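Examining the three-dimensional arrangement
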Amino acid sequence: MTVLVTGGAGYIGSHMTYALLDRGEPVVVLDNLSTGRRALVGEGAGFVEGDAGDQPLVRRVLRDHGIDAVIHFAGSIVVPESVEQPLRYYANNVGTSRALVEACIEEGVKAFIFSSTATVYSVDATQPLAEDEPKEPISPYARSKLMTEWMLEDAARAYDFRPMVLRYFNVAGADTQGRTGQSTPKATHLIKRACQVALGRVPHLDIFGTDYSTPDGTGIRDYIHVTDLVAAHLLALDGLRAGAAPATYNVGYGRGLSVREVVRGMEAVIGRELPVKESARRPGDPPVLISDPARIKVALGWQPRHAELSEIISSALEWERRLND
Ligand code: UDP
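Residues numbered from 1 in each chain as written. Predicted model: local features only at pLDDT ≥ 70, side-chain atom pairs only at ≥ 80, totals over all residues. Heavy atoms only, no water.

1. With respect to the overall build of the chain
Short version of the rule: A run of DSSP states H or I qualifies as a helix once it reaches four residues; a run of E qualifies as a strand once it reaches two. Both are numbered from the N-terminal end. In this setup the radius of gyration rests on C-alpha atoms only. A globule is expected at 2.2 Å times the number of residues raised to 0.38. In this scheme, a residue with accessible area under 20% of its type's maximum is buried, one over 50% is exposed, and one in between is partly exposed, where area comes from a 1.4 Å probe on protein chains only. When checking whether two residues touch, look at their non-hydrogen atoms; a contact exists if any pair is within 4.5 Å.
On a plain count of helices and strands, the chain comes out with 10 helices and 14 strands. Its C-alpha atoms give the chain a radius of gyration of 19 Å, within 12% of the compact-globule value 20 Å for 325 residues. Residue burial in the chain is summarised as follows: out of 325 residues, 54% are buried. Put simply, 77% of the contacts in the chain that link residues at least 6 apart link residues at least 24 apart.

Take a look at the structure:
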């Protein structure tokens, strides 16, 4: 009973690996290190440098390590880049996932957990978003995720294969023990950028859009601590091992925070004002994205444990400090 974590040297995958190791599970990480870092892979995990779409390699890893479940994080995740290089995104996300799924089916691995995204929903869908709200992804990145969801659904119908799809809302924060965190220097995410500004590594934070039809005019998101996100994967894994049927779950708190609320949260943590600049809207940003997490709470018993904004921000800031020290 060993878990294969693809993309385990990346932000979320490295947290997943620690969470599995912490509960005594054997883990093997498969990562091509295109964006991940070897140093973020927890000690005690097996490591294979390679591509999740390399079928002969994957089949060998599945066999040699007695893998019974795969958690698939590997993929490309930058929305604007996906607009410029759509075919690369379809190759890295859809093509790789297809090859990986086929390898799993051929090697008899049934339990499969897939990282999807809240951006698969239509911008006109009702908030908070329940899983069956209309899908209308607008970026090649989001489309590649929804295409993979469909592929998994079809594979589950045709073969002895049980995928669970988790649609992430805005993941932030870092390992509570400071072992890993968001390490990409060019990251564009709000809390990451706010940390860089707080540490004086970036002069100011841009607030992208102050004219949205939201109470304070700025965009609203459902920020979720990476530790709670990873806990959802552990529950999905336990469910699959106990024979649960394929399912799709949102993973967010059901709480919307505006950009200004996040800025105030950062100011409370650091005890001073954060330099901000009001800027134009960022193209493609929806005004509001909030999860309805009822399904995962009922079906898997998932409960937020690190939802305090101050905890999310402090852990991210702590990691950011370590990064350049
Ligand atoms: N945002 C911002 N300044 C930044 C980065 C993000 O105002 O430097 C806003 C963005 O417009 C959105 C929210 O913060 O309303 C969350 O953006 P992020 O990039 O963190 O995640 P996304 O929801 O785009 O995946």
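Still to come is the rest of the account.
2. Concerning the nonpolar core
The criterion, for reference: To form a nonpolar core, buried Ala, Val, Leu, Ile, Met, Phe, Trp, Tyr and Cys residues must be joined to one another through side-chain atoms within 4.5 Å.
Of all hydrophobic cores here, the largest spans 60 residues; its most connected members are Ile12, Leu20, Ile191, Met266 and Leu274. Considering each element in turn, this core owes the most residues, 8 residues, to helix H7 (residues 226–241). What Leu274 contacts, discounting residues up to four positions off in sequence, is Ala194, Val197, Ala198, Leu205, Val263, Met266 and Glu267. Of all hydrophobic cores here, the second largest spans 22 residues; its members include Val58, Leu100, Leu152 and Phe161.

3. Description of the sheet that holds strand S12 (residues 257–258)
Going by this rule: Here the rule is simple: two strands pair whenever DSSP picks up at least two bridges between them.
In spatial order, the strands read S12-S9-S14; together these 3 strands make up an open sheet with mixed pairing. The two strands at the open ends of the sheet, each matched to only one other strand, are S12 and strand S14 (288–289). Direction of pairing for strand S9 (residues 220–221) relative to S12: antiparallel, over a ladder of 2 bridges. Counterpart to Arg221 in the pairing with S12 is Leu257.

4. A few points about the site of the ligand
This is how it is decided: Residues are classed as near a molecule or strand on a simple rule: at least one heavy atom within 4 Å of it. The term polar contact refers here to a pair of N or O atoms within 3.5 Å; inside protein, the definition further demands a hydrogen-donor-capable atom paired with an acceptor-capable atom, and it admits residues adjacent in sequence only when both atoms are side-chain atoms. Computed with the Shrake-Rupley method and a 1.4 Å probe, the accessible areas treat only the protein chains shown as cover for residues. Any residue outside Ala, Val, Leu, Ile, Met, Phe, Trp, Tyr, Cys, Pro, Asp, Glu, Lys and Arg is labelled polar, Gly included; the first ten of those are nonpolar and the last four are charged.
Leu190, Asp206, Arg221, Arg282 and Asp285 are the nearest of the 15 residues found near the ligand. One nitrogen or oxygen atom from the main chain of Asp206 is found 2.6 Å from a nitrogen atom belonging to the ligand. Within the side chain of Arg282, an N or O atom sits 2.8 Å from an oxygen atom of the ligand. For the ligand, whose free accessible area comes to 510 Å², the fraction covered by protein is 90%. Counting only elements with at least two residues in the shell around the ligand, the list comes to helix H6 (190–198) and strand S8 (205–208). Counting residues per element, the shell around the ligand draws most heavily on S8, at 4 residues. Each residue belonging to the shell around the ligand can be placed in one class, and the counts come to 6 nonpolar, 4 polar and 5 charged.

5. Brief notes about helix H1 (residues 11–22)
Side chains three or four residues apart in an α-helix point the same way, a direct result of the helix having 3.6 residues per turn. Going by this rule: Expected helix span is taken as 1.5 Å per residue step, with the number of steps being one fewer than the number of residues.
Taking 1.5 Å per residue, 12 residues should reach 16 Å; H1 reaches 17 Å between its end C-alpha atoms and fits that length. A large share of H1 lies buried, amounting to 10 of its 12 residues. Buried residues of H1: Tyr11, Ile12, Gly13, Ser14, His15, Met16, Thr17, Tyr18, Ala19 and Leu20, and no others. In this structure, the buried side of H1 is in contact with strand S1 (2–6), strand S2 (27–31), strand S4 (67–72), strand S6 (162–168), strand S7 (170–172) and H7. In the segment just after H1, Gly24 is the residue with positive phi, at about 80°.

6. Considering the sheet that holds S6
Convention followed: Inter-axis angles, ranging from 0 to 180 degrees, are taken between N-to-C directions of lines fitted to C-alpha atoms, where helices are fitted over the stretch in contact.
The 7 strands are arranged S3-S2-S1-S4-S5-S6-S11 in an open sheet whose pairing can be described as parallel. The open sheet has two free edges, formed respectively by strand S3 (46–49) and strand S11 (247–251), since each of these has just one partner strand. The sheet shows a mean angle of 20° between the axes of neighbouring strands, taken without regard to direction. Sheet analysis places S4 next to strand S5 (residues 111–117), joined by 4 bridges and oriented parallel. If you follow Ile71 over to S5, its bridge partner there is Ile113. Taken strand by strand, helix H4 (residues 86–106) contacts S1, S4 and S5, and its axis lies near 170° from that of S4. Along the sheet, H7 contacts S1, S4, S5, S6 and S11; its crossing angle with S6, the most-contacted strand, is approximately 165°.

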